Amino acid sequence: MDDITLINDDCIRAMEGIESGTVNLILTDPPYNLGNFMINRDTNLKKMRDNFFGTAGWDNLDYTEWVKSMDAFFEQAARVMAKGGSMIVFMALIKVETTIALAQKHGFYYKTTGIWHKSNPMPRNMNLHFVNSTEAWLYFTYKTRTGTFNNNGAVLHDFVETSVTPAGERRFGKHPTQKPESLMAHFVETLSNKDDLILDPFMGSGTSGVVAKRSGRRFIGIELSNDYFLLAQKRIQEE
């Protein structure tokens, strides 16, 4: 596809083939390393979802191995990122400190930790404890303290609220951690400009690619799972 490159491979290996200093925005949702943790929790999550991420196999690394893999990701991210580029990484709150430390190690400047609030989360365990309705996102710039920020004079909070992914965006198939297009569009439009190159090394169902194409940005998406790669390919081709 014009200005769109999709790669079905391990992200570290695939990123090695991207030209250095060419990416303007990395927008990605890597594994949170919660699989083993969630499997042992007293929760009815597995009963309520047939595609529970904790049993998918891609989020159950040992913590030490997860840190090692994320370190390798940030090393490649720093190599491909243009000076002044931005990066948004979604992450579990309990892994925020580790993620910031790894990114800073490779030259990224930490800007803030924000929250995505799901206005209509699944009410699982509602009679046991507080319903989980938030996920964190981390905002970095590379080699500068200020990057592209298209706020058009508006005050943009570090709290973004949307619904969970609507059914219409899942018509080609389901991904257990799929983000809504409105959420990803918020970051694409604010942190990049038309014709900029956006990279998502953990592409999943391809939401970032759909939004990038719609917004007139170039896009490189990498996904290890063949099933999810084909799902992303169909969505982006339709767009």
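## Overview of the packing of helix 6 (residues 181-191) against helix 7 (residues 207-214)
Stage number 1. At a closest axis distance of 9 Å, the pairing of helix 6 and helix 7 adopts a crossing angle of 55 degrees. Accordingly, the angle class assigned to the pair helix 6 and helix 7 is oblique. For helix 6 against helix 7, the interelement crossing comes out right-handed. For the pair helix 6 and helix 7, the contacting residues are Glu181, Met184, Ala185 and Val188 in the first and Thr207, Ser208, Val210, Val211 and Arg214 in the second.

## A word on helix 4 (residues 63-80)
Stage number 1. Along its 18 residues, helix 4 runs 26 Å from first to last C-alpha, staying within 8% of the 26 Å computed at 1.5 Å per residue.
Stage number 2. Among the residues of helix 4, those classed as buried are Trp66, Met70, Asp71, Phe73, Phe74, Gln76, Ala77, Ala78 and Val80.

## Some words on the confidence of the model for the chain
Stage number 1. Within the chain, residue pLDDT values average 90, and 89% of them lie at 70 or more.
Stage number 2. Across residues 51-56, confidence stays below pLDDT 50; counting only partners more than four residues off in sequence or on other chains, it has 18 contacts.

## Focus on the pattern of salt bridges
Stage number 1. Inspection of the entire model under this criterion finds nine salt bridges.
Stage number 2. One salt bridge connects Lys118 with Glu135, and the closest N-O pair in it is separated by 2.8 Å. Of this pair, Lys118 sits in strand 4 (residues 108-118) while Glu135 is found in strand 5 (residues 134-142), placing the two residues 17 residues apart along the sequence.
Stage number 3. Residue classification places Lys118 among the buried residues on the basis of a relative accessible area of 12%.
Stage number 4. Across the salt bridge formed by Glu181 and Arg235, the nearest N and O atoms sit 2.9 Å from each other. On the criterion of sequence distance, the pair formed by Glu181 in helix 6 and Arg235 in helix 8 (residues 226-238) is long-range, its members being 54 residues apart.

## Re unusual backbone geometry
Of all residues except glycine, most have a negative phi; of all peptide bonds, most are trans.
Stage number 1. Residues other than glycine seldom take positive phi values, yet Lys143 does so here, at roughly 65 degrees.
Stage number 2. Here Lys143 lies in the loop between strand 5 and strand 6 (159-162).
Stage number 3. Take Lys143: its relative accessible area is 51%, and that puts it in the exposed class.

## Digging into helix 7
Stage number 1. Among the eight residues of helix 7, six are classified as buried, and the element is accordingly described as predominantly covered.
Stage number 2. Listed as buried for helix 7 are Thr207, Ser208, Gly209, Val210, Val211 and Ala212.
Stage number 3. Contacts made by the buried residues of helix 7 are with strand 2 (23-28), helix 6, strand 7 (197-200), strand 8 (218-223) and helix 8.
Stage number 4. Gly216, located one to two residues past helix 7, shows a positive phi value of around 80 degrees.

## A closer look at the pairing of strand 5
Stage number 1. Here strand 5 lies mainly inside the structure; eight of its nine residues are buried.
Stage number 2. Pairing geometry for strand 3 (residues 81-91) and strand 5, over six bridges, is antiparallel. Note on strand 5: the bridge partner recorded for Met91 is Ala136.
Stage number 3. Both strand 4 and strand 5 contribute to a ladder of nine bridges, which runs antiparallel. Each residue of the ladder has a partner; that of Ile115, found in strand 5, is Ala136.

## Considering the sheet that holds strand 8
Stage number 1. Strand order in the open sheet formed by eight strands is 1-8-7-2-3-5-4-6, and the pairing between neighbours is mixed. At either end of the open sheet lies a strand with only one pairing partner, and these are strand 1 (4-8) and strand 6. Going across the sheet, the axis of each strand differs from the next one's by a mean of 20 degrees, ignoring polarity.
Stage number 2. Of the pairings in the sheet, the one linking strand 1 to strand 8 comprises five bridges and is parallel in character. Bridging from a neighbouring strand, Ile4 pairs with Phe219 of strand 8.
Stage number 3. Along the sheet face, helix 7 touches strand 1, strand 2, strand 7 and strand 8 and points at about 170 degrees away from the line of strand 8.
Stage number 4. Sheet contacts for helix 8: strand 1 and strand 8; angle to strand 1, the most-contacted strand, approximately 165 degrees.

How each quantity is defined
- Residues numbered from 1 in each chain as written.
- Predicted model: local features only at pLDDT ≥ 70, side-chain atom pairs only at ≥ 80, totals over all residues.
- Heavy atoms only, no water.
- Axes fitted to C-alpha atoms, helices over the stretch in contact; angles between N-to-C directions.
- Helix = DSSP H or I, 4+ residues; strand = E, 2+ residues; numbered from the N terminus.
- Parallel < 35°, antiparallel > 145°, perpendicular 65-115°, else oblique.
- Left-handed = near helix turned anticlockwise from the far one by under 90°.
- Contact = heavy atoms within 4.5 Å.
- Expected span 1.5 Å × (residues − 1).
- Buried < 20%, exposed > 50% of the residue type's maximum accessible area, 1.4 Å probe, protein only.
- pLDDT = per-residue confidence, 0-100.
- Salt bridge = Lys/Arg side-chain N within 4 Å of Asp/Glu carboxyl O.
- Pairing = 2+ DSSP bridges.

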